[in-house]
Amino acid sequence: FSAGPTHVRLGSAARPVIVGGDALTVIAGPCSVEGEAMLLETAHAVRAAGAVALRGGAFKPRTSPYAFQGLGREALVMLAEARARTGLPVVTEVMDPRLVELVAEHADVLQIGARNMQNFALLSEVGRVQRPVLLKRGPSATIAELLMAAEYVMAQGNRDVILCERGIKGWDPATRNTFDVAAVPVLKAETHLPVLVDPSHAAGRADLVPALSCAALAAGADGLIIEVHPSPAEARSDGPQSLDLPAFDALMARLRPFAAAA
Ligand code: PEP
Ligand code: MN
């Protein structure tokens, strides 16, 4: 039980980022960390535009085993370097319970990907480390199942869980997933945990990301996690849904009224 909303603190005690408080939290960065130069370029640009944390995949949960799987440990080192250069806390996915400690040594936030939302061994493992967890809703998971997945993390002692709606399986290929906008007010009513929305994976199309971002914030989300790439056409994963740097900057300007209202 909690008397009010849970505030999850990311990053250093000296310059913390609070998720679930008064300020909107925008996390941005590439789907995959593809190299040091592109990561640093993106990190500096998203920080300048107003993002408060950097995302970047090191271990990628690709549908095909023949697709780019991420740069792994090398990418973790690049993320830590990007944090050192920009001061932005970094968010990255961990897929393997055996790698939780390693990822926690490099990252500020452990992302549990949608496909692993009910990987109970992984949930318990991230529950045992002192790092906030960004828990994404499974592509076919109910809200009740998402909340029980969060319980698996918290049951081990880690109370710093951030929920993320990223779209659920639908039948219409016009979008990659169906953004369940109602999940936001349902989650806000049923839990004290912060709620973020990932409009990039919901839409699967960069042109829809601004509208879904506005919808998420209008529905009461505490913030957004958005894919941004300096050259989306050349991205090694999720290029079609990634904003380029000017588009992200323009989106942040468009979101300013929501920040003022929060
Ligand atoms: C991602 O954030 O790049 C990702 C793979 O997200 P999801 O687990 O929501 O598909
Ligand atoms: Mn992605």
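The shown structure was predicted, so the numbers you read here are calculated from the model rather than taken from an experiment. (Residues numbered from 1 in each chain as written. Chains lettered and ligands numbered in written order. Predicted model: local features only at pLDDT ≥ 70, side-chain atom pairs only at ≥ 80, totals over all residues.)

Enquirer: Just checking my understanding: could you explain the overall build of the chain for this structure?
Expert: Scanning the chain from N- to C-terminus turns up nine helices and 10 strands. Relative to the globule expectation of 18 Å for 262 residues, the C-alpha radius of gyration of the chain, 16 Å, shows essentially globular dimensions. Oriented by its inertia axes, the alpha-carbon framework of the chain measures out at about 45 × 45 × 40 Å. Going through the 262 residues of the chain one by one, you find that 49% of them count as buried. (Helix = DSSP H or I, 4+ residues; strand = E, 2+ residues; numbered from the N terminus. Rg over C-alpha atoms; globule rule 2.2 N^0.38 Å. Buried ≥ 20, exposed ≤ 12 C-beta atoms within 10 Å, placed from the backbone.)

Enquirer: Just to check I follow, could you spell out the site of ligand 1 for this structure?
Expert: Close contacts around ligand 1 come from Cys-31, Gly-57, Pro-61, Gly-113, Ala-114, Arg-115, Lys-136, Arg-166, Asp-198 and His-201, and that covers them all. Partitioning the shell around ligand 1 into residue classes produces three nonpolar, three polar and four charged. (Near = placed C-beta within 6 Å. Nonpolar A, V, L, I, M, F, W, Y, C, P; charged D, E, K, R; others polar.)

Enquirer: Please explain the packing of helix 1 (residues 36-49) against helix 2 (residues 73-86) as it appears in this structure.
Expert: Between two packed helices, both the angle of their axes relative to each other and the distance between the axes serve to describe the pair. Viewed as axis vectors pointing N to C, helix 1 and helix 2 meet at an angle of 40°, and their least axial separation amounts to 10 Å. Read as a crossing pair, helix 1 and helix 2 show a hand that is right-handed. The segment helix 1 lies against helix 2, with Glu-36, Leu-39, Leu-40, Ala-43, His-44 and Arg-47 engaging Met-78, Glu-81, Ala-82, Arg-85 and Thr-86. Taken together, the residues of the contact of helix 1 with helix 2 sort by class into five nonpolar, two polar and four charged. (Axes fitted to C-alpha atoms, helices over the stretch in contact; angles between N-to-C directions. Left-handed = near helix turned anticlockwise from the far one by under 90°. Contact = placed C-beta atoms within 7 Å.)

Enquirer: Got a minute to help me understand the sheet that holds strand 10 (residues 223-227) in this structure?
Expert: Backbone hydrogen bonds are what pair the strands of a sheet, in a parallel or an antiparallel way. Taken in spatial order, the eight strands of this closed barrel run 3-4-5-6-7-8-9-10, and their pairing is parallel. Taking the axes of each pair of neighbouring strands and ignoring which way they run, one obtains an average angle of 25° across the sheet. Bridge count for strand 7 (residues 133-136) against strand 8 (residues 161-165) is four bridges, and the pairing is parallel. By the bridge assignment for strand 8, Leu-135 is matched with Leu-163. (Pairing = 2+ DSSP bridges.)

Enquirer: Please clarify how the pairing of strand 3 (residues 25-29) should be interpreted in this entry.
Expert: Of all five residues in strand 3, five are buried, a share of seventy percent or more. Burial along strand 3 is two-sided: the residues Thr-25, Ile-27 and Gly-29 and Val-26 and Ala-28 are all buried. As paired elements, strand 3 and strand 4 (residues 53-55) share two bridges and run parallel to each other. By the bridge assignment for strand 4, Ala-28 is matched with Leu-54. Handedness of the β-α-β unit built from strand 3, helix 1 and strand 4 comes out right-handed. (Right-handed = clockwise from strand over helix to strand, strands pointing away.)

Enquirer: I keep staring at the nonpolar core and nothing clicks. Help me out?
Expert: Nonpolar side chains in soluble globular proteins tend to be buried together. Grouped together as the largest cluster of nonpolar side chains are 79 residues, with contacts concentrated most on Ala-53, Leu-135, Ile-162 and Leu-163. With residues up to four places along the chain from it excluded, the contact list for Ala-53 reads Leu-10, Val-17, Ile-27, Leu-88, Pro-89, Val-90 and Val-91. (Core = buried A, V, L, I, M, F, W, Y, C linked by C-beta atoms within 7 Å.)

Enquirer: Please explain the confidence of the model for the chain as it appears in this structure.
Expert: Close inspection of predicted coordinates is inappropriate for parts of the model with low pLDDT. Residues at a pLDDT of 70 or more form 99% of the chain, whose mean pLDDT is 97. The ipTM for the predicted assembly is 0.99, set against a pTM of 0.97. (pLDDT = per-residue confidence, 0-100.)

Enquirer: Help me understand the pairing of strand 10, please; the structure alone is not making it clear to me.
Expert: The element strand 10 is extensively covered by neighbouring structure, given that five of its five residues are classed as buried. Residues of strand 10 alternate between two faces, with Gly-223, Ile-225 and Glu-227 on one and Leu-224 and Ile-226 on the opposite face, all of them buried.

Enquirer: Just checking my understanding: could you explain the packing of helix 1 against helix 9 (residues 245-261) for this structure?
Expert: With their axes 9 Å apart at the nearest point, helix 1 and helix 9 run at an angle of 20° to one another. If you check the angle between helix 1 and helix 9, you find them roughly parallel. By crossing handedness, the relation of helix 1 to helix 9 is classed as right-handed. Contacts between helix 1 and helix 9 involve Ala-45, Val-46 and Ala-49 on the former and, on the latter, Leu-245, Phe-248, Asp-249 and Met-252. Across the contact of helix 1 with helix 9, the residue classes break down as six nonpolar, no polar and one charged. (Parallel < 35°, antiparallel > 145°, perpendicular 65-115°, else oblique.)

Enquirer: Where do I start with the environment of Leu-224 in this structure?
Expert: Among the secondary structure elements, Leu-224 is positioned in strand 10. Spatially, the C-alpha atom of Leu-224 lies 9.5 Å from that of Ala-51, the residues being 173 residues apart in sequence. Once residues within four sequence positions are removed from consideration, Leu-224 is found in contact with Val-26, Leu-196, Val-197, Pro-199, Ser-213 and Ala-216.

Enquirer: Whenever I open this one, helix 2 confuses me. Can you help?
Expert: One full turn of an α-helix is made of 3.6 residues, so residues set three or four places apart face in the same direction. For helix 2, spanning 14 residues, the distance from its first C-alpha to its last is 20 Å, which sits close to the expected 20 Å at 1.5 Å a residue. For helix 2, the complete set of buried residues consists of Ala-75, Leu-76, Met-78, Leu-79, Ala-82, Arg-83 and Thr-86. Along the axis of helix 2, the buried residues cluster in a sector spanning 160°; they form a single face. Structurally, helix 2 contributes buried residues whose contacts are with helix 1, strand 4, strand 5 (90-93) and helix 3 (100-106). Immediately beyond the C-terminal end of helix 2, within one or two residues, lies Gly-87, with a positive phi of roughly 80°. (Expected span 1.5 Å × (residues − 1). Arc of directions from axis to C-beta.)

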